[in-house]
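If you want the building blocks of each chain, they are given just below.
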Amino acid sequence: MSHHFVKTQSRPLWWLPGSAATLIILLLSLGPLAALLWQAGTLSPRTLMADPYLRHVLGFSLWQALLSTLLSLGLAIPVARALARRRFTGRRLLLKLFGLSLVLPVIIAIFGMVAVHGRQGWLPQLLRGLGVDPGNYLYGLFGILLAHVFFNMPLAARLILQSIESIPESSWRLASQLGMRSSHIFRLLEWPIIRGMLPGLASLIFMLCFTSFTTVLALGGGPKSTTLEVAVYQALRFDFDLATAGGLALVQLLLTLALLLLQHKLQTTPASRIEIRRPCLRPDRHQRGTALVDGLALTLGLAIFLPPLLAIVVAGFNPGLLPALTSNRLWQAGGQSLAIALAAGSLATLLGAALLLTSRHLRVRDRKRRAAALWEASGSMILMIPAVVLSTGLFIMFMPFTDVFSLGPWLVVLVNALMALPYVLRTLNAPMQLVVRQYDRLADSLGVRGLHRLRLVEWPLLRRPLALAMALSMILSLGDLGAIAMFGSQTLTTLPWLLYQQLGSYRLTEAAATALLLLTLCFSLFWLVERGLGGKHAEP
């Protein structure tokens, strides 16, 4: 009962960290948007949309996203049903590999696809050996769809599988007692729960494909297969047409906002329904035809997903790799990538922690949840601005005052830090609130404040979440191609940008060395930051 008499410490500067962080975020997001509006003001929307090429770009952006969504979901549903129905050696490993597609840098996966499907790739060489001319199928719409299915089918399959496994055991027992066939099980048990999550999942995949930059830039193959983000990049870097770049960036921004609102509206599946239960033995696992259907679904899914991953591994054993690894340009790009990742990860973590220091005070101590949500929303608003749009706005904003490329490293750091900020907020929000809820009164009663509180209370409990947030931010920065494509130059080259250039000129041995170094840096940096900053015996 004594805790009722503990006097809560006064914290007059609770607003300062969040205000400083919010001011920086608003300046770096609204400033570029204002620059885009100012530049696009010289170009009327009617003039912009009257251009046949730009209409084609908009139509292609929507069309490829729609096809990618349909193909990803169309394959993910039978793959998820097969994984729910079958137990086989390697199933758990396969599900872990499906999760790898979410964190693997896009440009490394593109390297794997080029090694398998490129002109000198495994599959074209095999087909030519059989007397079949495969042509150059990887570059263009087909290659874009193939890459998008590679990235999004595993994500969709895992989420759908999670939904199927949440069906109560009593339902499976009843289905077994009634002797229900596979088609009846799908219609009466599986489809209702899949249908509930399908609109939100489809809108998420559509938005990811619509805002895809690296995939289309690497595999588009020319003007015929160009999306809005790539058109913005081309207008700025190749044509230096600022008005067109600004107008297209605003169109991209408005469409992205519309897609985000649609996704929010369609995401109706309650979280309580997605809970993993102990897998049940399904009554249709031995029915005639199900083994063949499952085998075909898994074979097709794995034929798309596994070979590029295998090609990345095999590239590490290339005998010609050692000379390529001695390239000065490779190690210079590696050093610049590492420096940018460290700076971007540190800045993202600092901004996120500052925002949450203020929001947790409002949410937990003052119980002002709406005000706290507004502070947190200022950090998540960056989700509405694609990296290419933000980079274009920064380019236009700084161009009248200085040589933009001289600021290239700092601008890349800023863009990468802002893009990683929503992940930092999601990682740190719950742990930082928990510290206040559990230890605030005790620390106040003992008079522990300031640096002593940071050292004795906050740091031991938050070092692991902070390490995870910083590691995620660094990995996202290491694999980014959007910002460096805008601000890269002869003196500023990161590993993803170097790898993109090597793939474009079919220097696959050099590309293998770059991909190997990038992948090694990603895993090593993640492990070192989590182990070093998080500590071996840190509090969970």
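Predicted model only: the values in this text are computed from it and were never measured. (Residues numbered from 1 in each chain as written. Predicted model: local features only at pLDDT ≥ 70, side-chain atom pairs only at ≥ 80, totals over all residues. Heavy atoms only, no water.)

Participant: Just checking my understanding: could you explain the environment of Leu390 for this structure?
Facilitator: Its location among the elements puts Leu390 in helix H17 (residues 387–398). A C-alpha to C-alpha distance of 9.5 Å links Leu390 and Leu253, two positions 137 residues apart in sequence. (Helix = DSSP H or I, 4+ residues; strand = E, 2+ residues; numbered from the N terminus.)

Participant: Before we go on, may I ask you to explain unusual backbone geometry in this structure?
Facilitator: Across residues other than glycine, the phi torsion is negative in most instances, and most of the peptide bonds are trans. Here Tyr506, not a glycine, exhibits a phi torsion of approximately 60°, which is positive. According to the relative accessible area criterion, Tyr506 is partly exposed, its value standing at 35%. (Buried < 20%, exposed > 50% of the residue type's maximum accessible area, 1.4 Å probe, protein only.)

Participant: Just to check I follow, could you spell out a positive patch on the surface for this structure?
Facilitator: A surface patch of positive charge is lined by Arg367, Arg369, Arg437 and Arg441. Mapped onto the elements of the fold, Arg369 is located in helix H16 (residues 369–380). Judged by relative accessible area, Arg369 falls into the exposed class, the value being 61%. (Patch = residues over 30% accessible without salt bridge, like charges linked within 9 Å, V, L, I, M, F, W, Y side chains within 5 Å. Areas by Shrake-Rupley, 256 points an atom, 1.4 Å probe, with all protein chains shown as cover. Salt bridge = Lys/Arg side-chain N within 4 Å of Asp/Glu carboxyl O. Lys, Arg positive; Asp, Glu negative; His and termini not counted. Charge placed at Lys NZ, Arg CZ, Asp CG, Glu CD.)

Participant: What should I look at first to understand a nonpolar patch on the surface in this one?
Facilitator: On the surface, Trp122, Leu310, Val313, Val314 and Phe317 cluster together into a nonpolar patch covering about 530 Å² of accessible area. Per element, the largest residue contribution to the nonpolar patch is 3 residues, and it comes from helix H13 (residues 290–315). As for its placement among the helices and strands, Phe317 is situated in the loop between H13 and helix H14 (321–325). On the basis of relative accessibility, which here comes to 69%, the residue Phe317 falls in the exposed class.

Participant: Explain helix H22 (residues 508–532) to me, please; I cannot follow it from the model alone.
Facilitator: Residues three or four positions apart in an α-helix share a direction because the helix packs 3.6 residues into each turn. For H22, built from 25 residues, the straight-helix expectation of 36 Å at 1.5 Å per residue is met to within 8% by its first-to-last C-alpha distance of 35 Å. Within the sequence span of H22, burial applies to Ala511, Ala512, Ala513, Thr514, Ala515, Leu517, Leu518, Leu519, Leu521, Cys522, Leu525 and Val529. (Expected span 1.5 Å × (residues − 1).)

Participant: In this structure, what is going on with the nonpolar core? I would like to understand it.
Facilitator: Side chains that are nonpolar tend, in soluble globular proteins, to be buried together. The biggest cluster of nonpolar side chains holds 162 residues, and the ones touching the most others in it are Val79, Ile107, Phe111, Ile160, Leu219 and Phe487. Broken down by element, the residue count for this core peaks at 14 residues, all from helix H3 (residues 52–85). Composition of this core by domain shows at least three residues from each of domain 1 (58–224 + 283–306) and domain 2 (319–539). For Phe111, the residues in contact, after removing those within four places along its chain, are Ala311, Ile312, Ala315, Leu499, Leu503, Leu508, Ala511, Ala512 and Ala515. (Core = buried A, V, L, I, M, F, W, Y, C linked by side-chain atoms within 4.5 Å. Domains from an automatic or database assignment. Contact = heavy atoms within 4.5 Å.)

Participant: Any chance you could explain the pattern of salt bridges here in plain terms?
Facilitator: According to the stated counting rule, one finds 5 salt bridges in the structure shown. For Arg81, the salt bridge goes to Glu190, with nearest N and O atoms at 2.5 Å. You can see Arg81 sitting in helix H3 and its partner Glu190 sitting in helix H9 (residues 182–210), a full 109 residues away along the chain. The same class applies to Arg81 as to Glu190, namely buried. With a closest N to O distance of 3.2 Å, Glu165 and Arg91 form a salt bridge. With a gap of 74 residues between them, Glu165 in the loop between helix H7 (141–164) and helix H8 (169–177) and Arg91 in helix H4 (residues 91–103) connect regions that are remote in the sequence. With respect to class, Glu165 is no different from Arg91; both count as buried. Connected via shared salt-bridge partners are Arg85, Arg86 and Asp294.

Participant: What exactly am I supposed to notice about the packing of helix H1 (residues 16–40) against H17 here?
Facilitator: A pair of packed helices can be characterised by two numbers: the angle between their axes and the separation between those axes. The N-to-C vectors of H1 and H17 enclose an angle of 70°; their axes lie 8 Å apart at closest approach. Between H1 and H17, the crossing angle belongs to the class labelled roughly perpendicular. Where H1 approaches H17, its residues Leu28, Ser29, Gly31, Pro32, Ala35, Leu36, Trp38 and Gln39 are matched on the opposing element by Val389, Leu390, Thr392, Gly393, Leu394, Ile396 and Met397. Taken together, the residues of the contact of H1 with H17 break down into 10 nonpolar, 5 polar and no charged. (Axes fitted to C-alpha atoms, helices over the stretch in contact; angles between N-to-C directions. Parallel < 35°, antiparallel > 145°, perpendicular 65-115°, else oblique. Nonpolar A, V, L, I, M, F, W, Y, C, P; charged D, E, K, R; others polar.)

Participant: Before we go on, may I ask you to explain the packing of helix H5 (residues 106–117) against H13 in this structure?
Facilitator: Two elements in contact, H5 and H13, have axes separated by 8 Å at closest approach and are oriented at 95°. Taken together, the axes of H5 and H13 are roughly perpendicular relative to one another. For the pair formed by H5 and H13, the contact residues are Ile108, Ala109, Phe111, Gly112, Met113, Ala115 and Val116 on the first element and Pro307, Pro308, Ala311, Ile312 and Ala315 on the second. Of the residues contributing to the contact of H5 with H13, the split by class is 11 nonpolar, 1 polar and no charged.

Participant: Would you take a moment to explain H1 for this structure?
Facilitator: For H1, with 25 residues, the first-to-last C-alpha span of 35 Å sits near the 36 Å given by 1.5 Å per residue. Those residues of H1 that fall on the buried side of the exposure criterion are Gly18, Ala21, Thr22, Ile25, Leu28, Ser29, Pro32, Leu33, Ala35, Leu36, Gln39 and Ala40.

Participant: What am I meant to see in the confidence of the model for the protein chain here?
Facilitator: Keep in mind that low pLDDT regions are not for reading the predicted coordinates in detail. Within the protein chain, residue pLDDT values average 83, and 89% of them lie at 70 or more. The lowest-confidence element of the protein chain is helix H2 (residues 45–50), averaging 70 in pLDDT; the highest-confidence one is H5, averaging 93. The low-confidence segment residues 1–7, where pLDDT is below 50, has 5 contacts with residues more than four positions distant or belonging to other chains. Counting contacts from residues 269–276, a segment whose pLDDT is below 50, to residues more than four positions away or on other chains yields 11 contacts. (pLDDT = per-residue confidence, 0-100.)

Participant: When you look at the packing of aromatic side chains in this model, what are you seeing that I'm missing?
Facilitator: Two numbers describe a pair of aromatic rings. These are the distance of the centres and the angle of the planes. This structure, assessed with the given rule, holds 13 aromatic pairs. Judged by centre distance (5.1 Å) and plane angle (90°), the rings of Phe98 and Phe305 are edge-to-face. Here the residue Phe98 occupies a position in helix H4, and Phe305 occupies one in helix H13, the gap between them amounting to 207 residues. Of the two residues examined, Phe98 and Phe305, each falls in the buried class. For the pair Phe206 and Phe210, a centre-to-centre distance of 6.4 Å together with 5° between the ring planes defines the contact as stacked. Linking Phe206 with Phe210, this pair stays in helix H9, spanning 4 residues, or about one helical turn. Pair check on accessibility: Phe206 and Phe210 agree, each one buried. Three or more aromatic residues joined by ring pairs make a cluster, and in this case those are Phe98, Phe150, Phe151 and Phe305. (Phe/Tyr/Trp six-rings, centres within 6.5 Å; stacked < 30°, edge-to-face > 60°.)

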